[in-house]
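The lines below spell out each chain.
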Amino acid sequence: MFLHSVNLWNVAFYALMVFMATLGLWDVFFGFEENKCSMSYMFEYPEYQKIQLPKKLAKRYPAYELYLYGEGSYAEEHKILPLTGIPVLFLPGNAGSYKQVRSVGSIALRKAEDIDFKYHFDFFSVNFNEELVALYGGSLQKQTKFVHECIKTILKLYKGQEFAPKSVAIIGHSMGGLVARALLTLKNFKQDLINLLITQATPHVAPVLPLDRFITDFYMTVNNYWILNARHINLTTLSVAGGFRDYQVRSGLTFLPKLSHHTSALSVVSSAVPKTWVSTDHLSIVWCKQLQLTTVRAFFDLIDADTKQITQNPKKKLSVLNHHFIRHPAKHFEENPAIISDLTGTSMWVPVKVSKWTYVAYNESDKIYFTFPLANHRKIYTHVYCQSTMLDTNSWIFGCINSTSMCRQGIDLSWKAELLPTIKSLTLRLQDYPSLSHLVVYVPSVHGSKFVVDCEFFKKETRTIQLPVTHLFSFGLSSRKVLLNTSGLFYNIELLNFGQIYQAFKINVVSKCSGVKEEITSIYKLHIPWSYEDSLTIAQVPSSTEISLKLHIAQPENESQVALLKMYTSSDCQYEVTVKTSFSQILGQVVRFHGGALPAYVTSSILLAYGGQLYSLFSTGHCLEYATMLDKQAKPYKVDPFVLMIKFLLGYKWFKELWDVLLLPELDAIVLTSQSMCFPLVSLVLFLFGTCTAYWGGLLSSTSVRLLSSLWLALKRPPELPKDIKMISLDLPFLTIVLIIVSWTTCGAFAILLTYLYYVFKIVHLQASLATFKNSQTVNLKHSRRNEKKSNHHKDSTVHYLHLSANDAEDSLRMHNTVINLLTWIVLLSMPSLIYWLKNLRYYFKLSPDPCKPLAFILIPTMAILGNTHTVSIKSSFVPPCPKHSCCCVLSWCYLGLCLETQ
């Protein structure tokens with residue numbers, strides 16, 4: 001009956017929407033590179049020593065614990081406190097385990113063994129009982145206060161030591177990073193207790209799914225504090241995102257706000273981290289060996305040799321983090337590197353006068369200095385580029401001042417180089433170094449190893465190529481390409497008109513080589529100048545390589561630089577670069593950035609359909625099918641104008657003050673605009689997706705009710721249609737009071753679930769009764785018409801004793817199925833609170849705070865009445881028919897409220 005109410009064109013349209021949504025979901029969940037992270041293994045059995053907390057603290061937080069990580073002999077030695085190392089506290093995230101500390105803890109322990117425990121770190125971890133804090137925000141404040149107590153407990157373990165720490169470093173995964181930032185908002189918290197904060201896949205900007213007001217309030221408190229007190233916050237903070245593999249927390253949410261007066265914060269995507277260069281998913285970011293090695297190297301470089309603790313110098317902290325996480329020059333970190341280096345010893349000096357030079361070193365017995373005079377090259381070229389495949393950490397390129405053929409001292413230019421997976425490279429603009437007379441490339445003596453050094457002088461305009469991206473609505477049917485014919489080693493391809501998050505493209509690089517016997521490697525680096533979200537692709541040429549081109553952060557309005565495709569190529573090959581729009585990845589960006597708002601669009605479509613059914617009931621006396629009304633009423637032009645009007649009015653101070661007085665949340669459209677997340681036609685796309693979801697959800701709920709009623713009839717005696725219809729039965733007030741008491745004393749979500757089950761039970765019973773009535777052999781058409789006349793007579797005379805006909809029962813079922821569809825979404829969105837309550841039932845019988853309790857107080861009596869209401873009683877009421885446009889207006893306001901709640 002549900003499918004018969006819509007025509008084939010509508011079914012085809014809804015099927016098309018499912019196909020498009022599937023494309024978007026596939027891109028989010030599967031459209032990324034394979035996991036290239038190496039697993040980090042423990043060399044000895046990991047042990048977690050529980051730290052004894054004060055009795056009052058343990059009683060106040062019975063579900064939380066503090067552990068010290070250790071392995072082998074280290075674990076045995078440190079069972080006897082106090083400790084002597086450098087404390088690091090790990091905070092797990094949503095549903096995270098305290099045992100996730102083992103990867104970074106084990107690598108740090110191996111590093112300490114390599115230096116004979118001259119320095120070592122003690123890794124602590126908090127057990128938050130794997131709470132779902134990303135979905136239920138009621139425990140975030142409690143976790144923050146517990147972490148504060150843990151920090152004070154940890155520091156007490158070092159009392160009496162010669163180099164006792166006064167602060168701890170914190171690594172926070174997911175929501176654990178937000179809890180760490182929230183420490184600064186506590187009244188009695190001293191900022192000096194934290195010397196460094198590293199967050200991994202932490203959504204700093206906004207919650208992934210704002211399912212309750214406690215999450216949004218917590219975010220608002222933390223972010224407002226950090227913005228308003230930025231001048232006084234000296235905490236060095238690093239945020240590492242997972243990239244496109246992390247579909248749980250999109251990387252755009254992990255970027256800390258850029259404030260001109262707060263320069264001690266860095267945000268980077270793992271694919272851009274030197275020596276890591278991989279995207280990580282939400283869990284692998286804590287065990288990815290490449291990333292954890294980088295983190296541990298940074299920790300050891302942060303140690304102050306005098307205090308044997310992490311340095312208190314903010315400039316050094318930022319320098320170390322920049323060195324390891326932003327740009328690595330292929331040299332060990334030095335706080336004050338020597339700019340002038342001695343170029344002496346028994347070495348050969350070889351002058352090179354050509355503009356392009358290659359040297360293959362193999363079993364070199366002597367050190368060689370190759371000198372490039374710059375005087376003549378300055379007249380012709382603007383830049384010089386050099387690269388080496390020898391990835392050691394020694395200095396390899398220098399600049400001589402006022403020299404003829406050789407110099408005793410040179411400026412070490414190696415610090416300006418950049419480390420890449422297969423080479424280290426350096427690009428210099430000649431006019432920036434007017435005092436240099438020669439460029440010197442150093443080739444050390446090597447035995448048994450082979451490496452290649454290349455240098456070339458070039459004009460910038462010959463190596464910079466502009467490539468405009470294709471239009472958003474070209475759907476991949478058209479493409480644009482460039483051909484690199486010259487034999488250069490390095491190219492910059494400027495990707496024009498690319499800077500919005502809704503843009504997505506596929507770049508195909510085809511390389512053709514002639515006379516190449518050995519395997520050659522090329523590197524394609526996508527460089528985004530306004531955020532550290534670069535990604536690298538390594539290709540063995542000749543080959544055809546596909547690169548995905550999309551953004552985590554949109555280009556700021558005041559940013560003039562464009563995105564670049566940096567190509568480190570082979571001079572023996574030709575390259576053809578083609579770009580075209582990827583429609584599936586555009587849909588993926590819509591889902592990635594706005595998928596959390598989909599429930600609001602779904603419920604708005606259901607409410608519009610329900611309003612249409614009410615209007616149909618009042619105007620014609622019959623309720624039309626849900627699918628028919630969804631097709632007629634669920635139109636975006638009935639909703640979007642009101643949202644645009646509210647957005648416009650909020651620009652006026654008086655309306656904004658009135659909005660705040662009514663305690664209404666911030667309009668999501670304004671938030672999206674401030675974050676440069678407004679897609680063209682995004683509201684229309686999401687509305688279509690929401691209507692499609694509402695349609696198939698209605699089909700599923702209707703089918704489920706029919707199946708349950710069939711099961712009911714198979715297990716129990718067939719029921720009959722109720723003869724007397726009453727709005728309020730005798731047991732209804734009692735049931736309502738019981739459910740409200742359950743909501744008050746236990747959990748609001750639990751009471752909502754019970755109400756939902758009660759409602760489903762009533763509708764299944766009605767469906768079974770109707771099926772029995774239709775199949776009954778004793779009821780004929782004449783008798784049925786007589787009953788309907790009798791029912792109509794009763795409608796005119798009284799509202800207390802109404803008879804339910806088959807047509808009335810069918811109308812009631814249509815209305816109730818729509819309500820069940822809406823209730824299902826309410827129950828699904830309240831599930832996190834229920835799961836949290838069930839997991840902590842052994843500690844707390846009553847959920848506090850409870851975000852679903854106010855909703856339960858409203859929903860329980862409403863659903864109790866609706867569950868006992870039939871269309872015959874509605875038609876018999878004295879409520880006049882509401883105008884169609886008035887109904888739509890009310891429903892539009894309901895939709896607006898839902899949109900606001902989801903944001």
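Below or above, wherever it landed, is the structure these notes cover. Sequence order sets the numbering: in each chain, residues are counted from 1 along the sequence as written. Residues qualify for local features only when their pLDDT is at least 70, as the model is predicted, and side-chain atom pairs are given and counted only at 80 or more; totals for whole chains, interfaces and linings, by contrast, use all residues. The basis for the side-chain values is all heavy atoms of the structure; hydrogens and waters are excluded.

1. Some words on the packing of helix H13 (residues 598–620) against helix H18 (residues 682–715)
Next, step 1: Their axes nearest at 8 Å, the elements H13 and H18 cross at an angle of 65°. As for the relative orientation of H13 and H18, their crossing is right-handed in sense. Residues Leu598, Tyr601, Val602, Ser604, Ser605, Ile606 and Leu608 of H13 pack against Ser683, Leu686, Phe687, Phe689, Gly690, Thr691, Thr693 and Ala694 of H18.
Next, step 2: For the contact of H13 with H18, the residue count by class is 9 nonpolar, 6 polar and no charged. Axes here mean lines fitted to C-alpha atoms, for a helix over just the part in contact, with angles spanning 0 to 180 degrees between N-to-C directions. Helix and strand definitions here come from DSSP, where helices need a minimum of 4 consecutive H or I residues and strands a minimum of 2 consecutive E residues; each element is numbered from the N-terminal end. Each crossing is labelled by how the near helix is turned from the far one, with a counterclockwise turn of less than a right angle marking it left-handed and a clockwise turn marking it right-handed. Working rule for contacts: check all heavy atoms of both residues, and any pair within 4.5 Å makes them a contact. For this scheme, ten residues count as nonpolar: Ala, Val, Leu, Ile, Met, Phe, Trp, Tyr, Cys and Pro. Four count as charged, namely Asp, Glu, Lys and Arg, and the remainder, Gly too, count as polar.

2. Brief notes about helix H14 (residues 626–633)
Next, step 1: We call a residue buried when its accessible area falls under 20% of the maximum for its residue type, exposed when it is over 50%, and partly exposed in between, using a 1.4 Å probe and counting protein chains only. For H14, the tally of buried residues reaches 6 of 8 residues, placing the bulk of the element in the interior.
Next, step 2: Along H14, the positions that sit buried rather than exposed are Tyr626, Ala627, Thr628, Met629, Leu630 and Gln633.

3. Looking at the state of the cysteines
Next, step 1: Cysteine sulfur atoms that pair up within 2.5 Å are treated as a disulfide. Tallied over the entire structure, the rule returns 4 disulfides.
Next, step 2: A sulfur-sulfur separation of 2.1 Å characterises the disulfide bridge that pairs Cys386 with Cys455. Around the S-S axis, the bridge from Cys386 to Cys455 shows a dihedral of about 115° and counts as right-handed. Separated by 69 residues along the polypeptide, Cys386 in strand S15 (residues 383–388) and Cys455 in strand S21 (residues 450–458) bring together distant segments of the chain.
Next, step 3: Should the bonded cysteines of the chain be numbered as they appear in the sequence, the pairing reads 1-2, 3-6, 4-5, 7-8.
Next, step 4: Residue Cys852 stays outside any disulfide, its sulfur separated by 6.4 Å from that of Cys747, the closest cysteine.

4. Some details on the pattern of salt bridges
Next, step 1: A pairing counts as a salt bridge when a side-chain nitrogen of Lys or Arg comes within 4 Å of a carboxyl oxygen of Asp or Glu. One pass over the full model with this rule turns up 18 salt bridges.
Next, step 2: Salt-bridge contacts for Arg429 lead to Asp432; the nearest nitrogen and oxygen are separated by 3.0 Å.
Next, step 3: Asp534 is the salt-bridge partner of Lys525, the closest N and O atoms lying 3.8 Å from each other.
Next, step 4: A residue is classified by how much of its surface remains accessible, and Lys525, at 7% relative accessible area, is buried.

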